[in-house]
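# Tertiary structure, described
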Amino acid sequence: MENRSANSNTGDGRGPSISIAATATAVPPYALTRDEVKTYLQRVFSLEPARLNAMMAVIDNSQVRQRFCIQPVDYIIEPRPLTQISVEYGEHAVQLGRQVAQDCLTRAGMQATDIDMIITVSCTGVMIPSLDAHLIHMMGFRPNVRRMPFTELGCAAGAMALGRAADYLKAHPGGNVLIISVELPSLTFQRKDSSQANLISSILFGDGAAAVIVSGKEVRGPKILVSETYTFPNSLYAMGFDLRDSGFHILLDKEVPEMIGGKIRGLVEGFLERNGRKREDIKGWILHPGGARLLANIESALGLCKCDTKPSWDILGNVGNLSSATILFILQEWLEKRPLQDGEYALAAAFGPGFSAEFLLLQWA
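The paragraphs below set out a description of the structure included in this document. (Residues numbered from 1 in each chain as written. Predicted model: local features only at pLDDT ≥ 70, side-chain atom pairs only at ≥ 80, totals over all residues. Heavy atoms only, no water.)

Moving on: the overall build of the protein chain. Across its full length, the protein chain carries eleven helices and 13 strands. In summary, the protein chain has a C-alpha radius of gyration of 20 Å against a globular reference of 21 Å for 365 residues, a match within 12%. By principal-axis analysis of the C-alpha atoms, the protein chain measures approximately 60 × 50 × 35 Å. Classification of the 365 residues of the protein chain by burial places 58% in the buried group. Long-range contacts, defined here as pairs at least 24 residues apart, represent 81% of the contacts in the protein chain between residues at least 6 apart. For the protein chain, the exposed surface amounts to about 15,000 Å²; the carbon and sulfur share of it is 51%. (Helix = DSSP H or I, 4+ residues; strand = E, 2+ residues; numbered from the N terminus. Rg over C-alpha atoms; globule rule 2.2 N^0.38 Å. Buried < 20%, exposed > 50% of the residue type's maximum accessible area, 1.4 Å probe, protein only. Contact = heavy atoms within 4.5 Å. Areas by Shrake-Rupley, 256 points an atom, 1.4 Å probe, with all protein chains shown as cover.)

The following block contains the structure:
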């Protein structure tokens, strides 16, 4: 089994209390249904009949019923220079980021001045200064608030942000960390790219934002006990973006679901064993779905059924894959619709470029 990662800590509950105080999510106003995806896929890409039929089947099997976009689909499919795309990313990232940040603060009963660190997460655009700097000036955060922007961790970044927030609070007990994830994959759409990765991306990914406040104070919410990162050997090819003159071109290897499915049981069992828990102790499975095949492979490897992972399927179906924000949407789904009993354990897992997996052990309180 793999060696224990450097950022692992014991999951016995000792040490400072670090809890999830509040969550918030938001999607933009333009819905994109499964039927619309079929219509526009045929209109935009010149595919041979056999391949087109195969892609129609992929859409039907994707389990994604609808997604949301920052702009109407007729605008999204038109080519635009990277300069324009970057402007659009900045405008909408600030708008959605501010919305979920304020909502999360309100839910937690906090003010902007109560936050000691802001972690911003996104992989679908670039802003320098980063999103957190814009929000500090707009929302009244303290000038000495710590800043940690994540830009290159993809779908794993929401889970990694939770882990890094907990690490900060172990070193700074009693503080509060605000995580803001904004992902706008519609801005990475490439009309002239008929690669399988781009077509799959066009079917799966949606725009959205999420925020979480992680607190080192005594608050009622799931405790983050421990986190670990595992980077798969020889896996740089598996996932990422290639930045060209026309913008972001997604890299997505077709074997990713099998790569994860083949290792996930050993990784999960090792993570739990190192932290004094067993598979049977886990009552909540907060899993980033990626796509339907990936989630099904994880279920098969871990001996789970759809009833165990329903929040993951629901989020995938209702808003699609939101990259780093997905795991935070699923976390909120568990908090609001499937809360565990006090003392019960949950495992959160997400996967992204590197190729890496991030695991967290949570305990409801």
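Next comes the rest of the write-up.
As enumerated under the stated definition, the model contains one disulfide in all. The disulfide bridge from Cys305 ends at Cys307, spanning 2.2 Å between sulfur atoms. On the basis of relative accessibility, which here comes to 33%, the residue Cys305 falls in the partly exposed class. For Cys307, a relative accessible area of 49% puts it in the partly exposed group. For Cys155, which is in no disulfide, the shortest distance to another cysteine sulfur is to Cys123 and amounts to 6.3 Å. (Disulfide = S-S within 2.5 Å.)

A few words on the environment of Gly109. Relative to the elements of secondary structure, Gly109 occurs in the loop between helix 4 (82-108) and strand 4 (117-121). In sequence terms Gly109 and Ala22 are 87 residues apart; their C-alpha atoms lie 9.0 Å from each other.

This next bit is on the environment of Ile136. Within the secondary structure, Ile136 is located in helix 5 (residues 131-139). You can call Ile136 buried: its relative accessible area is 14%. In sequence terms Ile136 and Thr113 are 23 residues apart; their C-alpha atoms lie 9.8 Å from each other. Each residue touching Ile136, except ones within four places of it in the same chain, is listed here: Ile118, Phe141, Arg142, Val145 and Arg147.

All right, on to the nonpolar core then. The biggest cluster of nonpolar side chains holds 57 residues, and the ones touching the most others in it are Ile264, Leu347 and Phe359. A total of eight residues in this core trace back to one element, the largest contributor, which is helix 8 (residues 256-274). If we ignore the near neighbours within four places in the chain, the residues touching Leu347 are Val268, Phe271, Leu272, Ile282, Gly284, Trp285, Ile286, Leu287, Phe359 and Leu360. Of all hydrophobic cores here, the second largest spans 41 residues; its members include Ile20, Val214, Leu328 and Leu340. (Core = buried A, V, L, I, M, F, W, Y, C linked by side-chain atoms within 4.5 Å.)

What characterises a pair of aromatic rings is the spacing of the ring centres plus the angle enclosed by the ring planes. All chains considered together, the criterion is met by four aromatic pairs. Taken together, a centroid distance of 5.1 Å and an interplanar angle of 75° make the contact between Tyr230 and Phe232 edge-to-face. We note that Tyr230, like Phe232, is buried. Members of the aromatic cluster, each reached through a chain of ring pairs, are Tyr230, Phe232 and Phe355. The ring of Tyr40 carries Arg43 above its face, with NZ or CZ at 4.5 Å from the centroid. (Phe/Tyr/Trp six-rings, centres within 6.5 Å; stacked < 30°, edge-to-face > 60°. Lys NZ or Arg CZ within 6 Å of the ring centre and 35° of its normal.)

This part is about helix 11 (residues 326-337). When the terminal C-alpha atoms of helix 11 are compared, their 16 Å separation across twelve residues agrees well with the 16 Å that a helix rising 1.5 Å per residue should span. Within helix 11, nine of the twelve residues are buried, which leaves the element mostly enclosed by the surrounding structure. Those residues of helix 11 that fall on the buried side of the exposure criterion are Thr326, Ile327, Leu328, Phe329, Ile330, Leu331, Gln332, Glu333 and Trp334. (Expected span 1.5 Å × (residues − 1).)

By the element assignment, Asp116 lies in the loop between helix 4 and strand 4. Beyond its immediate chain neighbours, meaning those up to four positions away, Asp116 contacts Arg142, Val145, Arg146, Tyr168, Gly175 and Asn176.

Our next topic: the pairing of strand 5 (residues 146-150). Each regular strand shows side chains that alternate between the opposite faces of the sheet. Alignment of strand 4 against strand 5, held across five bridges, turns out to be parallel. The residue of strand 5 that forms the bridge with Val121 is Phe150. (Pairing = 2+ DSSP bridges.)

Running from N to C, helix 8 and helix 9 (residues 292-302) cross one another at 35°; their axes reach a closest spacing of 8 Å. Relative to helix 9, the crossing made by helix 8 is right-handed. Here helix 8 contributes Pro257, Glu258, Ile260, Gly261, Ile264, Arg265 and Val268 to the contact with helix 9, which in turn contributes Arg293, Leu294, Asn297, Ile298, Ala301 and Leu302. Among the residues making up the contact of helix 8 with helix 9, the classes are represented as eight nonpolar, two polar and three charged. (Axes fitted to C-alpha atoms, helices over the stretch in contact; angles between N-to-C directions. Left-handed = near helix turned anticlockwise from the far one by under 90°. Nonpolar A, V, L, I, M, F, W, Y, C, P; charged D, E, K, R; others polar.)

The subject of this paragraph is helix 2 (residues 49-61). With 13 residues, helix 2 ought to run about 18 Å at 1.5 Å a step, and its terminal C-alpha atoms sit 18 Å apart, in line with that. Inspection of helix 2 places Leu52, Met55, Met56 and Ile59 among the buried residues, and these make up the whole buried set. Projected down its long axis, helix 2 shows its buried positions confined to an angular sector of 105°, all on one face. Facing away from the buried side of helix 2 by more than 90 degrees, the exposed set consists of Ala50, Asn53 and Asn61. (Arc of directions from axis to C-beta.)

Before going further, it helps to spend a moment on the pattern of salt bridges. Summed over the entire model, instances satisfying the criterion amount to 15 salt bridges. Where Asp74 meets Arg43, a salt bridge forms, and the shortest distance between an N and an O atom there is 3.9 Å. Here Arg43 lies in helix 1 (residues 34-44) and Asp74 lies in helix 3 (residues 73-76), a separation of 31 residues in the sequence. Assessed through its relative accessible area of 45%, Asp74 is described here as partly exposed. Judged by its relative accessible area of 51%, Arg43 is exposed. For Arg220, the salt bridge is made with Asp342, and the minimal N-O distance between the two is 3.2 Å. Placement of the pair is Arg220 in the loop between strand 7 (208-215) and strand 8 (223-231) and Asp342 in the loop between helix 11 and strand 12 (345-352), with a sequence separation of 122 residues. Each member of the salt-bridge network shares a partner with another, and the members are Asp103, Arg107 and Glu336. (Salt bridge = Lys/Arg side-chain N within 4 Å of Asp/Glu carboxyl O.)

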